Amino acid sequence: MTERTGAAAGTDSGNGPLRGLSAAEVAERRARGEINDVPVRSSRSLTDIVRANVLTRFNAIIGVLFVIILIVGPVQDSLFGFVIVANTLIGIVQELRAKRTLEHLAVIGEVRPVVRRDGEQAAVSTSQIVLGDLIELRPGDKCVVDGEVAEADGLEIDESLLTGEADAVAKAPGDRVMSGSFVVAGSGACTATRVGRDAYAAQLAEEASRFTLVHSELRNGINDLLKYVTWVIVPTGIGLVLSQLFVGRHDPASAVRRMVGGIAPMVPEGLVLLTSIAFAIGVVRLGRRKCLVQELPAIEGLARVDVVCLDKTGTLTEGGMDVAELRMLPDGDGTHADAADPADPADPADPADPVSGDGAGDGQAHVEHVLAALGAADPRPNASMQAIVDAYPLGRLDGDRPGDGATAWQTAQSLPFSSARMYSGATLVAPDGTRRTWLLGAPDVLLPSGHHASADVDALSREGLRVLLLAATGHAPDAPEAVDDAVPAALVVLEQRLRPDAGDILRYFADQDVTAKVLSGDNAVSVGAVAGKLRLPGAQNPVDAARLPEDTAGMVRALESATVFGRVSPQQKQTMVGALQEHGHHVAMTGDGVNDVLALKNADIGVGMGTGSEATRAVAQIVLLDDSFAALPSVVAEGRRVIGNIERVANLFLTKTVYSVLLAVLVILWQVPYPFLPRHLTLLSSLTIGIPSFFLALAPNKERAKPHFVRRVMRYSVPAGLIAGAATFTVYLLARHHYTGRGSLMAETSVATLTLFLIAMWVLAIVARPYSWWRILLVAAMGLGFVAVLVFPVLQRFFALRLTGTVMPLTALAVAAVAAAALEVAWRWVTRPGENGPRGRSPESRGYGT
């Protein structure tokens, strides 16, 4: 344990602090390239974005077809190609917009280690660290390079993210520090020995901070769908090409155009585009709320969450606290006897009472000086200690006690706070030379069993107050037996500041069918009182985590039956998150301190606070840069909007693919010309899929995301596509028997187009439910667009559509009506109770609500 003198922290006993590199040495190392040049990006590069949006398998297919049509056909049959170009440009622009937002937010939330150069402290970006830099380490700091400990004051480092070892490792000067680990207790400094790509876990650190579009259940599901589509369209397309060339041997150009018209709609090219756009817009929207999405799947991941575990401090309560009361504790007979330093056997005073007998006079004033000295001895106080520092500043106490200046107190030995120990401590030397060790921490850890102050602690905790115990001990602060003979001196009562929006956020989660669990290291009764003020269900029955069963099944039962848990150790938080996950829950964890890191890392979604420790920000997928807990509903809403709406529009795209494949197969079997030209299907796709899907994909959506995306989409799109394809081909065959002579093929195509449009519009009307004014207006506008094509001669000529007679148009209406009824039956079958999870969902609640 490093010795320190006075209130100055971070110095070695008998030596001044290390000064670090000089400016000249830093410049020399930069010139040699000995810098921490690991390229950590928050988004894909411009080249990667363009490549990902342009060089796709379906763009290749559409591009080839587009070139063919430009050679053999009129421009109106090549419209699908221009649509692909426009879509690709939109995708690039949207992702570039998201890239700029992310990079701006990444700068705001960037980890800036403190280095010591020329004896001065300076916060620098990680890329400015050079080999040999002296980097200061404080609780919560992430080690960004490999190094060797140069100074240590109770320094403990957690390397679990690298080695899997759960226990923090005490570090002494000369010990190795690995990048990717983080400080959990104490302070110190390390000298950078390996930087950049040479540092251990440098790649791990890079991947932890990178914005990515992969490893997403939604995107993986879409990729699976596209893989299945590829398997189908390749053989079908080949068969269609041969069939049309044979059927149209007297008019090869027409055969090629109809062949292209059959293949192009099989490609659900817009589905990938809309997914990227929806995610990109979600990132931009969240960025406006100062919410940094470090990994894109976090948007959809939080939307799948059914349990959110909250750390009380920093989430339900604000970081700051105030000292509400300093309550002195009498000894067993209710008096304050004179006491000597229990660590000094030469002092004959009674060691049972620690609060007076040193010439300081009044016991409370002496305790205030002790608290002031403890605060001064902590180089980086947590919220509790900061409240004590604010309440008992040294200057004010000096003014009150001019004969006993608190600045004359010396710190002989210190022990920083650790969430595993639940207390901190220091050996203080009073102005009169009295030497005494003091502990400050959790009463249920430091109070002797059965002590009369336990009743006061319980009463205060039930009021939602946080209580710390100040006690004296006859051992060094880091001695294992220090707690055993601790003599209670006073209770420090802290009042926590509730976040004004916490109650509304908890109610939001309840309304959204997300269960909130509070996991705190504080006293269970106190945590329950705070949660009770926020009206969290189950807060009246808090559970002490020390009494939780150790087996997973028992822990899950306790977790599912209770809401508030106190005295939860960092390892228990990790275990509790894992137990919930093993039981099938999708878990999010929020936190801001180093005691939350393990749980944040292991949760499905980790949410860190912007002013929290560097370690929490490094492992969290989402960082609330302004510490606003109110941003979480926005993240949930964005995720649900993306997933639910992509599932919605996926039904449209896959239905089109299915009926296109079926029509191609039927055309091959019947050896007839393909019923549509590319311009017809471009018109249908734009009105029934492309335009409406863009609006539907960006609409609000509150339903929690469910797994098995591919299965659910295929359950409706396959029968819907079969119904649409069969009905359209039936009308087409009837039209081929009805119309004869010149121009019959155009009449047959027009009737088939009308049929397919009506059926596709009904699919759109089903997917757009439940209706709102704008959805009704959207569907109606698409219908009016098709009517305009049929009414205005210039559009009739452009799209080669003209209805002839009344028999076949009425037949098309009748067949479309029957198909619509079949689509309704299929929809009700797919969305019947029990088919969308254990509880079942109605059609209106199946992710398609407003």
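Residues numbered from 1 in each chain as written. Predicted model: local features only at pLDDT ≥ 70, side-chain atom pairs only at ≥ 80, totals over all residues. Heavy atoms only, no water.

**Some points on the packing of helix 7 (residues 217-247) against helix 9 (residues 269-288)**
To keep it simple, the criterion reads: Angles here are taken between N-to-C directions and fall from 0 to 180 degrees, while the axes themselves are lines fitted to C-alpha atoms, restricted in helices to the stretch in contact. Numbering of helices and strands runs from the N terminus, with a helix taken as a DSSP run of H or I at least four residues long and a strand as a DSSP run of E at least two residues long. Between 65 and 115 degrees an angle is taken as roughly perpendicular, under 35 as roughly parallel, over 145 as roughly antiparallel, and anywhere else as oblique. Only heavy atoms enter the contact rule, under which two residues are in contact if any of them lie within 4.5 Å. We call Asp, Glu, Lys and Arg charged. Ala, Val, Leu, Ile, Met, Phe, Trp, Tyr, Cys and Pro are nonpolar, and the rest, Gly among them, are polar.
The interhelical angle for the contact between helix 7 and helix 9, taken along N-to-C directions, is 170°, at an axis separation of 11 Å. Taken as axis vectors, helix 7 and helix 9 run roughly antiparallel relative to one another. Across the interface between the two elements, Leu-218, Arg-219, Ile-222 and Leu-226 of helix 7 pack against Leu-271, Val-272, Thr-275, Ser-276 and Phe-279 of helix 9. Along the lines of polarity and charge, the residues of the contact of helix 7 with helix 9 split into six nonpolar, two polar and one charged.

**Here's the deal with the pairing of strand 16 (residues 515-519)**
Our working rule: For each residue, the accessible area found with a 1.4 Å probe, counting protein chains only, is set against the maximum for its type, and the residue is called buried under 20%, exposed over 50%, and partly exposed in between. Note on pairing: two strands pair once DSSP finds at least 2 bridges between them.
Taken across its five residues, strand 16 has four buried, putting it largely inside the fold. Alignment of strand 9 (residues 307-310) against strand 16, held across four bridges, turns out to be parallel. Opposite Val-307, over in strand 16, you have Thr-515 as the bridge partner. Bridge count between strand 16 and strand 18 (residues 564-566): two bridges; the pairing is parallel. From the neighbouring strand, Val-518 faces strand 18, where its bridge partner is Val-564.

**What to know about the pattern of salt bridges**
Threshold: Whenever a carboxyl oxygen of Asp or Glu lies within 4 Å of a side-chain nitrogen of Lys or Arg, that contact is scored as a salt bridge.
A complete count under the given rule lists 14 salt bridges for this structure. The shortest N-O distance in the salt bridge between Glu-136 and Arg-116 comes to 2.9 Å. Note that Glu-136 is positioned in strand 3 (residues 134-137) and Arg-116 in strand 1 (residues 114-117), a separation of 20 residues in sequence. The exposure classification of Glu-136 matches that of Arg-116, with both residues buried. Residue Asp-146 is joined to Arg-194 by a salt bridge in which the shortest nitrogen-to-oxygen separation is 3.0 Å. In this pair, Asp-146 sits in strand 4 (residues 146-158) while Arg-194 sits in strand 7 (residues 182-194), placing the two residues 48 residues apart along the sequence. Judged by its relative accessible area of 2%, Asp-146 falls in the buried class. A network of salt bridges, in which partner residues are shared, links Arg-116, Glu-136, Arg-138 and Glu-151.

**Concerning helix 26 (residues 773-791)**
Counted only if it meets this: The span one expects for a helix is its residue count, reduced by one, times 1.5 Å. Taking the helix axis as origin, the arc is that swept by the directions to the C-beta atoms.
Taking 1.5 Å as the rise per residue, helix 26 with 19 residues should run 27 Å; its terminal C-alpha atoms sit 26 Å apart, in good agreement. Among the residues of helix 26, Arg-775, Leu-778, Val-779, Met-782, Gly-783, Phe-786 and Val-789 are the ones counted as buried. The arc that holds every buried residue of helix 26, seen down its axis, measures 125°, which confines them to one face. In helix 26, the exposed positions that point more than 90 degrees away from the buried face belong to Trp-773, Leu-777, Leu-784 and Val-791.

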